[in-house]
Amino acid sequence: MNDDMDFKDKAAWDAADRVADYEHGWSSDIETDFAPKGLTEDTVRFISAKKNEPEWMLEWRLKAFASWKTMTPPDWAKLNVPPIDYQDAYYYAEPKAKPKLGSLDEVDPEILRIYEKLGIPIAEQEVLAGVEGARRVAVDAVFDSVSVATTFRAELERAGVIFRSISEAIKEYPELVKKWLGKIVPMRDNYFATLNCAVFSDGTFVYIPEGVRCPMELSTYFRINAENTGQFERTLIIADKGSYVSYLEGCTAPMRDENQLHAAVVELVVLDDAEIKYSTVQNWYPGDAEGKGGIYNFVTKRALCQGRNSKVSWTQVETGSAVTWKYPSCVLNGENSVGEFYSVAVTNNYQQADTGTKMIHNGKGSRSTIVSKGISAGHSNNTYRGLVRVAPNAEGVRNFTQCDSLLLGSLSGAHTVPYIEVRNPSAQIEHEATTSKISDDQMFYAQARGLNAEEAVALIVNGFAKEVLQQLPMEFAVEAQKLLGISLEGSVG
Amino acid sequence: MLQITNLHANVGDQPILKGLTLSLGAGEIHAIMGPNGAGKSTLGYVLSGRPGYEVTEGEVWFTPHVFPGEGRGPEPKTEDSSAALDPGLRRGTQGPINLLDLEPHERAAAGLFLGFQYPVEIPGVSNVQFLREALNAQRKNRGEAPLSGAEFLKVAREQAGALGMDMDMLKRPVNVGFSGGEKKRNEMVQMGIINPALAILDETDSGLDIDALRIVGDGINRIMRKPDKAVLLITHYQRLLDYVKPDFVHVLADGRITRSGGPELALELEREGYRELAA
């Protein structure tokens, strides 16, 4: 598994090196497929030029880049991350840098085994594994047929829903983008968010007009150019008054990426009586059993519940990445606005996760619910970190927080770090936390009924995480259940 | 069906079973009685393969599960049979296998069922889900096709109904918030659904009131009193034996069988106590 990763890494790096080596005197030649190694103002200009961005966007990126140079990475998380050399990475490379595979026969059998366990159709497996020429087939597989995809698009347009890549939106809907981009997560919010502002590759833009209930669940699957945007993804979703949308992000299949550093930004805006349900399954490459390789995932996700009775529900299943640093949050400005955070984070082997949420109660009568389920196995560390803040003039705020940790084996760590800042005496804040281990009794009981050790662990863990899993849309939930079991393979016996 | 010969087993460094020999034939119900600490529960755990219970000497041979009639799936496909962990477990195989070679889940697939003295809670997992996954894992190991949700629910409903258990309880998390009696009744529902060849029932009568005792006793007779099945009842008291008539009664004391006899032995024990008879 690891060898394959190394091979892919090397092939990609070699290809990129060749291009870079031949490109002496490079400046911002938009004919070039690669920005050379390193991060300078030229890199930022190059990315912007490649995307034919308007001047205001380039200026915004450059401003972010200038800020980023003065910033330092946060060090408060319970994560042990080796220093990242930002000059020793590529920030823009065309998809062709990836080694192309002729067929599934060339894919790592380990990956295929997991695809099979997840029940992913062959055509879709080909896309995920990056088999050349597979994409059209997979579009068929995912949508049944191209015409279905077109039907979806037409249906969305009839409803007035705008669903575009962020690059397209910048050109087609500059006023909407300008109005909200960087307003929920400010440009200088944190080191990784600022980096994203400067170099974001692509992402999703959604606008749901007033009073519209989006006629289908939106998924990155439906977006044709979702490929290769994983590294510095940028998402902006705007739910206008009285609208509703459910958005699915990610994929249960294991995702390989040659880029070790990921720094995404997701911004949600919710106006009066509107609701966004945002579900994520994150399964980036976690590194091998010895902790070698794997993705560093530094994500900033924040929702602005600006309107009265607005609501945002974050649901996440985090099983991948070597390092996860992620706190999907809600700024509850609107009166009676509602924020929810449901999370399952699994760490195995040498994975590290520091994840949680922030619920910022500024609005009167705003309410929030936090349910976090952390599962740690192997030598991993799993931390819940969450903030509940109540502003002085926010009357009648309520929060309920439940943080449960489940430990497998005796070498893993579970940590809970709740921050509670209440400046209004009328607030009702509840916090419950438990830490438990899978007991030998439970394991043996399940085994005596016919389940093998891995099936027993998967069953018990799914029971533990049920409250969160049942928040997921149906089609995601089934795969996510299988995923929990797969992620914990090798953690028992 | 089950032949235990000179079985020695330790828990940690402590020898608990010290040369136990016992033979169960098909169609037989055996009761094992004995004082606290004699090794009764250990015997159940050793036979079902609980980690931490180490066999130091002896043999256990078991004639695996053969499903007559219902529950018989289609013939195993080639790839299915390769999925079976042990070729000896496949349906239709005749002759005894060495039980001690098998993992706990393989023993279950071979047709061994342990009714727990203290049934375990599994939060968040419904009884229905637990049993369906367990049953289908067993079937997979035997090279049989899985039961669909509808097929499974039909069986589950029948068994729960026969034991007077509400369908709602089947949907609740495994044993969570169940009373002692409900847990024991749930074990019997599980046994009915799994339909094993050999059941080892560890103090299934403890914690039951008179009515529940009768229901559980009837359940054991209904599910297990068959020519191709056998039961090993581990109990302290005679009262369960009023409902489930054993063919043989054994006294287990200090890690071995010290006395065997017919149903009258249980009555004698009840009268005289173990002290007199164990020696």
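Position numbers for residues count from 1 along each chain, tracking the sequence in the order it is written. Following the order in which they are written, the chains are lettered starting with A and the ligands numbered starting with 1. Given that this is a predicted model, residues contribute local features only at a pLDDT of at least 70 and side-chain atom pairs are listed and counted only at 80 or more, while totals for whole chains, interfaces and linings are drawn from all residues. Side-chain metrics rest on all non-hydrogen atoms present in the structure, leaving aside hydrogens and water.

Chemist: I tried to follow the confidence of the model for chain A on my own but got confused; where do I start?
Modeler: Interpretation of the predicted coordinates at a detailed level should be avoided for regions scoring low in pLDDT. Residue and element names in this part refer to chain A. pLDDT is a per-residue confidence score from the predictor, ranging from 0 to 100. Averaged over every residue, the pLDDT of chain A is 82; the share at 70 or more is 77%. Helical segments are the DSSP runs of H or I of at least four residues, strand segments are the runs of E of at least two, and each set is numbered from the N terminus. Across chain A, the secondary-structure element scoring lowest on mean pLDDT is helix H6 (residues 135-143), at 30, and the one scoring highest is strand S12 (residues 329-332), at 98. By definition, residues are in contact when any of their heavy atoms lie within 4.5 Å. When the criterion is pLDDT under 50, residues 95-99 qualifies, and its contacts beyond four places in sequence or with other chains add up to 11 contacts. When the criterion is pLDDT under 50, residues 222-229 qualifies, and its contacts beyond four places in sequence or with other chains add up to 25 contacts.

Chemist: When you look at the nonpolar core in this model, what are you seeing that I'm missing?
Modeler: Nonpolar side chains tend toward joint burial in soluble globular proteins. We define the nonpolar core as a collection of buried residues of types Ala, Val, Leu, Ile, Met, Phe, Trp, Tyr and Cys that are connected through side-chain atoms lying within 4.5 Å of one another. Note on exposure labels: buried denotes an accessible area under 20% of the residue type's maximum, exposed denotes more than 50%, and partly exposed covers the range between, all computed with a 1.4 Å probe on protein chains only. One finds Phe-130 and Leu-233 of chain B to be the most contacted residues of the largest nonpolar core, which totals 113 residues. Apart from residues no more than four positions distant in its own chain, Phe-130 of chain B is found in contact with Tyr-445, Ala-446, Arg-449, Leu-451 and Leu-459 of chain A together with Ile-122, Val-125, Val-174 and Gln-190 of chain B. Of all hydrophobic cores here, the second largest spans 53 residues; its members include Leu-62, Trp-68, Phe-200 and Leu-304 of chain A.

Chemist: Explanation requested: the pattern of salt bridges in the structure shown.
Modeler: It is possible for side chains of opposite charge to pair when their charged atoms get near one another. What counts as a salt bridge is simple: a side-chain nitrogen of Lys or Arg found within 4 Å of a carboxyl oxygen of Asp or Glu. Counting across every chain of the model gives 28 salt bridges over all chains. With a closest N to O distance of 2.7 Å, Glu-187 of chain B and Arg-449 of chain A form a salt bridge. With Glu-187 of chain B in helix H7 (residues 180-194) and Arg-449 of chain A in the loop between helix H11 (440-448) and helix H12 (453-464), this residue pair bridges two chains. Residue classification places Arg-449 of chain A among the buried positions, given a relative accessible area of 0%. Here Lys-154 of chain B ties to Glu-158 of chain B by a salt bridge, and the two come within 3.5 Å at their closest N and O atoms. Placement of both Lys-154 of chain B and Glu-158 of chain B in helix H5 (residues 149-162) is noted, with a separation of 4 residues, approximately one turn of the helix. A relative accessible area of 54% means that Lys-154 of chain B is categorised as exposed.

Chemist: When you look at H11 of chain A in this model, what are you seeing that I'm missing?
Modeler: Each full turn of the α-helix corresponds to 3.6 residues, which orients residues three or four apart in the same direction. Counting buried positions over the 9 residues of H11 of chain A gives 7, a clear majority of the element. Of the residues trailing H11 of chain A, Gly-450 of chain A is marked for its positive phi of about 120°.

Chemist: Help me understand the packing of aromatic side chains, please; the structure alone is not making it clear to me.
Modeler: Between rings of Phe, Tyr and Trp, where Trp is taken as its six-membered ring, a pair exists when centres lie within 6.5 Å; planes separated by under 30 degrees are stacked, by over 60 edge-to-face, and by other angles tilted. Applying the stated criterion across every chain yields a total of 21 aromatic pairs over all chains. For the ring pair Tyr-445 of chain A and Phe-116 of chain B, a centre distance of 4.7 Å and an interplane angle of 85° mean the geometry is edge-to-face. Taken together, the residues Tyr-445 of chain A in helix H11 and Phe-116 of chain B in the loop between strand S6 (112-115) and strand S7 (122-126) connect one chain to another. For the pair Tyr-445 of chain A and Phe-116 of chain B, one class covers both residues: buried. One aromatic cluster is present, built from ring pairs that chain together Phe-65, Trp-68, Trp-76, Tyr-86, Tyr-191, Phe-192, Phe-298, Trp-325 and Tyr-327 of chain A. Ring-over charges, as used throughout, are those where CZ of Arg or NZ of Lys falls within 6 Å of the ring centre and within 35 degrees of the ring normal. Note that Arg-213 of chain A overlies the ring of Tyr-244 of chain A, its terminal NZ or CZ placed 4.1 Å from the centroid.

Chemist: Sorry if this is basic, but what is going on with the interface of chain A and chain B here?
Modeler: Put simply, an interface is often sized by how much accessible area is lost when its parts join up. Across the boundary between the two partners, chain A contributes 18 residues, which contact 31 residues of chain B. Between chain A and chain B the total buried area reaches about 2,000 Å² when both faces are included, carbon and sulfur atoms providing 64% of it. A 1.4 Å probe defines the accessible area here, and the buried area is the portion of it lost by two parts on being joined, summed over both. When residues of chain A are sorted by the area they lose upon contact with chain B, Phe-444, Tyr-445 and Arg-449 of chain A head the list and together hold 41% of the total. Our enumeration of links across chain A and chain B arrives at 2 salt bridges. Residue Arg-50 of chain B is joined to Asp-441 of chain A by a salt bridge in which the shortest nitrogen-to-oxygen separation is 2.6 Å.

Chemist: Could you clarify how one ought to interpret the sheet that holds strand S5 (residues 244-250) of chain A in this entry?
Modeler: For sheets, the rule is that strands pair by backbone hydrogen bonds, running either parallel or antiparallel. All names here are of chain A. Pairing in this open sheet of 8 strands is parallel, and the strands run S3-S5-S8-S10-S13-S15-S17-S19 from one edge to the other. Of all strands in the sheet, those bounded by a partner on one side alone are strand S3 (218-219) and strand S19 (428-437). Pairs of strands are assigned from DSSP output, requiring at least two bridges between the strands. When strand S13 (residues 338-347) meets strand S15 (residues 367-376), the two strands line up parallel, connected through 10 bridges. The residue bridging Ala-345 from the neighbouring strand is Gly-374, located in S15.

Chemist: Before we go on, may I ask you to explain unusual backbone geometry in this structure?
Modeler: Outside of glycine, negative phi angles account for most residues, and trans bonds account for most peptide bonds. Phi at Asn-309 of chain A is positive, roughly 55°, even though this residue is not glycine. In this structure Asn-309 of chain A comes out as partly exposed when scored by relative accessible area, which is 36%.

Chemist: Sorry if this is basic, but what is going on with the sheet that holds strand S3 (residues 29-33) of chain B here?
Modeler: Residues and elements named next belong to chain B. Read from one edge of the open sheet, 6 strands run S6-S9-S10-S3-S11-S12, paired in mixed fashion. Strands with a single pairing partner mark the edges of an open sheet, and in this sheet they are S6 and strand S12 (256-261). Direction aside, the axes of adjacent strands within the sheet are offset by 20° on average. Here strand S11 (residues 248-253) pairs with S12 via 5 bridges, running antiparallel. Counted as the bridge partner of His-250 is Ser-260 from S12. To obtain each axis, a line is fitted to C-alpha atoms, and for helices this fit is confined to the stretch in contact; angles are then taken between N-to-C directions over 0 to 180 degrees.

Chemist: Explanation requested: the state of the cysteines in the structure shown.
Modeler: Chemically, a disulfide is nothing more than a covalent bond linking the sulfur atoms of two cysteines. Residue and element names in this part refer to chain A. Two cysteine sulfurs form what is called a disulfide whenever their separation falls within 2.5 Å. In total, this model carries 0 disulfides over all chains according to the counting rule given. In this structure Cys-305 is not part of a disulfide, and its nearest cysteine sulfur, from Cys-330, lies 5.0 Å away. Judged by relative accessible area, Cys-305 falls into the buried class, the value being 0%. For Cys-330, a relative accessible area of 0% translates into the label buried.

Chemist: Explain the side chain of Thr-235 of chain B here, please?
Modeler: Residue and element names in this part refer to chain B. When you line up the elements, Thr-235 lands in the loop between strand S10 (230-234) and S11. Take Thr-235: its relative accessible area is 0%, and that puts it in the buried class. Polar contacts involving the side chain of Thr-235 include one to the main-chain amide nitrogen of Tyr-237, which spans 3.1 Å. Among residues more than four places away in sequence, those in contact with Thr-235 are Ile-32, Met-33, Gly-34, Lys-40, Asp-205, Leu-241 and Tyr-274. Here a polar contact is taken to be a pair of N or O atoms separated by no more than 3.5 Å, where protein atoms must pair a possible hydrogen donor with a possible acceptor and residues adjacent in sequence count only if both atoms sit in side chains.

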